[in-house]
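Given next are the chains, with one letter for each unit.
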Amino acid sequence: ELEKAQAYSTAWEEHAPTQGRLSALYGRIHALADAAGTTTTRFDPEPVVQYDKVCQIPLVVGCTGSFDQIWEFMRGLEGLQATIWMDSVNLERLDGVEGSITCELSLVVITDNLDISDYARRSD
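Each chain has its residues counted from 1, running along the sequence as written. Only residues with pLDDT of at least 70 are given local features in this predicted model, and only at 80 or more are side-chain atom pairs given and counted; all residues enter the totals for whole chains, interfaces and linings. Side-chain metrics rest on all non-hydrogen atoms present in the structure, leaving aside hydrogens and water.

1. Digging into the overall build of the protein chain
Put simply, the test is: We count a stretch as a helix when DSSP gives it H or I for four or more residues in a row; a strand needs E for two or more, and each element gets its number in order from the N terminus. For each residue, the accessible area found with a 1.4 Å probe, counting protein chains only, is set against the maximum for its type, and the residue is called buried under 20%, exposed over 50%, and partly exposed in between. Any two residues having at least one pair of non-hydrogen atoms within 4.5 Å are treated as being in contact. Surface accessibility follows the Shrake-Rupley procedure with a 1.4 Å probe radius. Residue values consider only the protein chains on display as shielding.
Looking only at helices and strands, the protein chain has four helices and five strands in total. Written out in order from the N terminus, the α and β elements of the protein chain read α-α-β-β-β-α-β-β-α. Of all 124 residues assigned to the protein chain, the portion counted as buried reaches 35%. Of the contacts made within the protein chain by residues no fewer than 6 positions apart, 63% connect residues no fewer than 24 positions apart. For the protein chain, the exposed area adds up to about 7,700 Å²; of that, 50% sits on carbon and sulfur atoms.

In structure tokens form, the structure reads like this:
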């Protein structure tokens, strides 16, 4: 059991975004939204929550599109190697535009501890 836990932990650490890869992850998330055909209306990383070994970086992403486009974007997020929780999803019909909806996703990106990064210090 210990070997399995260590193997899982090692694999997670290899895929967890580091300071240098966090902006690339944000770029992939934005590219997923574009590829799904949605229009990004909001992309707001929020202050880092630090723990001993990991950090949580809340991220609010807003977009508009058809239900199928929004679904494709969320499916793409689930396919990323990084650990991302969808904390909440808010869908609303877009007034005046038939078949379009607006979506706001509250995500949490789990990273290795960024306590020495400029990003973590800037977000305190």
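2. Points about the environment of Val108
Tracing the sequence through the fold places Val108 in strand E5 (residues 101–112). For Val108, a relative accessible area of 9% puts it in the buried group. When the C-alpha positions of Val108 and Glu46 are compared, they lie 9.5 Å apart, and in sequence the two are 62 residues distant. Dropping the residues within four chain positions of it, Val108 is found in contact with Gln56, Ile57, Pro58, Thr83, Ile84, Trp85 and Asp87.

3. A look at the side chain of Thr38
Looking at the secondary structure, you find Thr38 in the loop between helix H2 (19–35) and strand E1 (39–45). Ignoring sequence-local partners within four residues, the contact set of Thr38 consists of Ala33, Cys63, Thr64, Gln69, Ile70 and Phe73.

4. Quick word on the pattern of salt bridges
Applicable threshold: Throughout this description, the term salt bridge denotes a Lys or Arg side-chain nitrogen within 4 Å of a carboxyl oxygen of Asp or Glu.
With the rule as written, the count across this model stands at four salt bridges. Here Arg42 ties to Asp44 by a salt bridge, and the two come within 2.6 Å at their closest N and O atoms. For Asp44, a relative accessible area of 31% corresponds to the partly exposed category. We note a salt bridge from Arg42 to Glu104, for which the minimum N-O separation is 3.1 Å. A residue pair is termed long-range when its members are at least 10 positions apart, and Arg42 in strand E1 and Glu104 in strand E5 qualify at 62 residues. Assessed through its relative accessible area of 33%, Glu104 is described here as partly exposed. What emerges from the salt-bridge pattern is a single network uniting Arg42, Asp44 and Glu104.

5. Points about helix H3 (residues 67–79)
Rules: Here, expected helix span is obtained from the residue count minus one, scaled by 1.5 Å. Here the arc refers to the directions that run from the helix axis out to each C-beta atom.
Over its 13 residues, H3 extends 18 Å from the first C-alpha to the last, a length consistent with the 18 Å expected when each residue adds 1.5 Å. Restricting attention to buried positions, one finds in H3 the residues Ile70, Phe73, Met74, Gly76 and Leu77. Seen along its axis, H3 keeps its buried residues to an arc of 155°; they face one direction. Of the exposed residues in H3, those oriented more than 90 degrees away from the buried face are Asp68, Arg75, Glu78 and Gly79.

6. A look at the packing of aromatic side chains
Rules: Between 30 and 60 degrees the pair is tilted, below 30 it is stacked and above 60 it is edge-to-face, where a pair is any two Phe, Tyr or Trp rings, Trp via its six-membered ring, whose centres lie within 6.5 Å.
For the structure shown, the criterion picks out two aromatic pairs. Residues Tyr26 and Phe43 carry aromatic rings whose centres are separated by 5.6 Å and whose planes lie at 80° to one another, so their mutual orientation is edge-to-face. Here the residue Tyr26 occupies a position in helix H2, and Phe43 occupies one in strand E1, the gap between them amounting to 17 residues. Residue classification places Tyr26 among the buried positions, given a relative accessible area of 13%. When its relative accessible area of 24% is taken as the criterion, Phe43 is described as partly exposed. Ring geometry for Phe67 against Trp71: centres 6.3 Å apart, planes inclined by 20°, an arrangement best described as stacked. In this pair, Phe67 and Trp71 both sit in helix H3, four residues apart, roughly one turn of the helix. Of the residues examined, Phe67 reaches a relative accessible area of 46% and is grouped as partly exposed.

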